[in-house]
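Structure at a glance
The chain contents come next:
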Amino acid sequence: MASVGTALRELRGAQKSAKGVSLYSRFVNRPAGRYLAAGSYALGLTPNQVTLVSAAFSFAAVAAVALVPPSWALGAAVWAALAAGFAFDSADGQLARLRGGGSPAGEWLDHVVDAAKLTALHSCVLIAFFRFPEAYGTGSAGWLLVPLGFQFAAVVTFFGGLLTEKLKPRPAPGSPAAAPSTLRAVVLLPVDYGVFCLVFLLLGGGELFRWAYAGLGAVAALFLAAFLAKWFRELSAVRR
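For clarity, every value in this text was computed on a predicted model and none was experimentally measured.

Conventions used here
Residues numbered from 1 in each chain as written. Predicted model: local features only at pLDDT ≥ 70, side-chain atom pairs only at ≥ 80, totals over all residues. Heavy atoms only, no water. Axes fitted to C-alpha atoms, helices over the stretch in contact; angles between N-to-C directions. Helix = DSSP H or I, 4+ residues; strand = E, 2+ residues; numbered from the N terminus. Parallel < 35°, antiparallel > 145°, perpendicular 65-115°, else oblique. Nonpolar A, V, L, I, M, F, W, Y, C, P; charged D, E, K, R; others polar. Expected span 1.5 Å × (residues − 1). Bend = angle between axes of the 7 residues up to and from the residue. Buried < 20%, exposed > 50% of the residue type's maximum accessible area, 1.4 Å probe, protein only. Left-handed = near helix turned anticlockwise from the far one by under 90°. Contact = heavy atoms within 4.5 Å. Salt bridge = Lys/Arg side-chain N within 4 Å of Asp/Glu carboxyl O.

In this section: the packing of helix α3 (residues 47–67) against helix α5 (residues 104–131). It is at 8 Å that the axes of α3 and α5 come closest, and there the two elements cross at 10°. As the angle between them shows, α3 and α5 are arranged roughly parallel. Of the residues contributing to the contact of α3 with α5, the split by class is 15 nonpolar, 4 polar and 3 charged.

Here helix α2 (residues 23–43) is 21 residues long and its end C-alpha atoms lie 29 Å apart, about the 30 Å a rise of 1.5 Å per residue gives. A bend of about 35° at N29 is the largest found in α2, and the proline P31 appears one to four places after it. All buried positions along α2 are accounted for by Y24, S25, N29, R30, P31, G33, R34, A37, A38, S40 and Y41. One or two positions beyond α2, positive phi appears at G44, with a value near 85°.

Turning our attention to the packing of helix α4 (residues 72–98) against α5. In contact at an axis separation of 11 Å, α4 and α5 are set at 160° when each is read in the N-to-C sense. Considering the angle they form, α4 stands roughly antiparallel to α5. Between α4 and α5 lies a crossing of left-handed hand. Of α5, the residues touching α4 (which contributes L82, D89 and D92) are D110, D114, K117 and L121. Of the residues assigned to the contact of α4 with α5, the class counts are 2 nonpolar, no polar and 5 charged.

According to the stated counting rule, one finds 5 salt bridges in the structure shown. In this structure, K166 engages E107 in a salt bridge whose closest nitrogen and oxygen atoms are separated by 2.9 Å. Note that K166 is positioned in helix α7 (residues 145–167) and E107 in helix α5, a separation of 59 residues in sequence. The class for K166 is partly exposed, based on a relative accessible area of 47%.

Geometry only, nothing functional implied.
Printed below as a string of structure tokens:
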């Protein structure tokens, strides 16, 4: 089994394109995932096992949001667990490439965990708003619609992007990869999952968290409309 250093050197040359990736994912999450992938490779873990580690971190954080009264300490713990889960989510794909390629079952497991994580996280924010209305200032039932709307935008964006990638024709072998746009990487920051995780650091602020979460939800809805128009336009130009 290769050492961590050897695995890191191999991974640096086997990274996916940075096109359409925000600055956080490109410069924080992917590098963190690279170190986790190298460590997992040295330990002999499989990509599916790494996916399950990612799920364990993510769902522990999700459960804490719903079950534990909000506090600054809880916010820090939830953010750390979500960020670790996101980094391991990057690591499983990198580990698969390091081991010579992934499998359909592994890709399926990865996407199912991602979809479940998104759905559960916003559902648990709704539960928290319902269980702790005094802390969050969510006594009005209308606030319970905010996590539902955010969940709708997040899930449709996830599914729409995934389906678009499956339906678009693949580049011809040997064709040069498009250069990543720094402006696009900055613009995508508000809808990057890693940036979204940062809002949970505000859990101790109660109403501050509620407004920050609602603001990101509104941004997610605007991006969803823009993404849907872009994806439909791109696929309309595809001729079979």
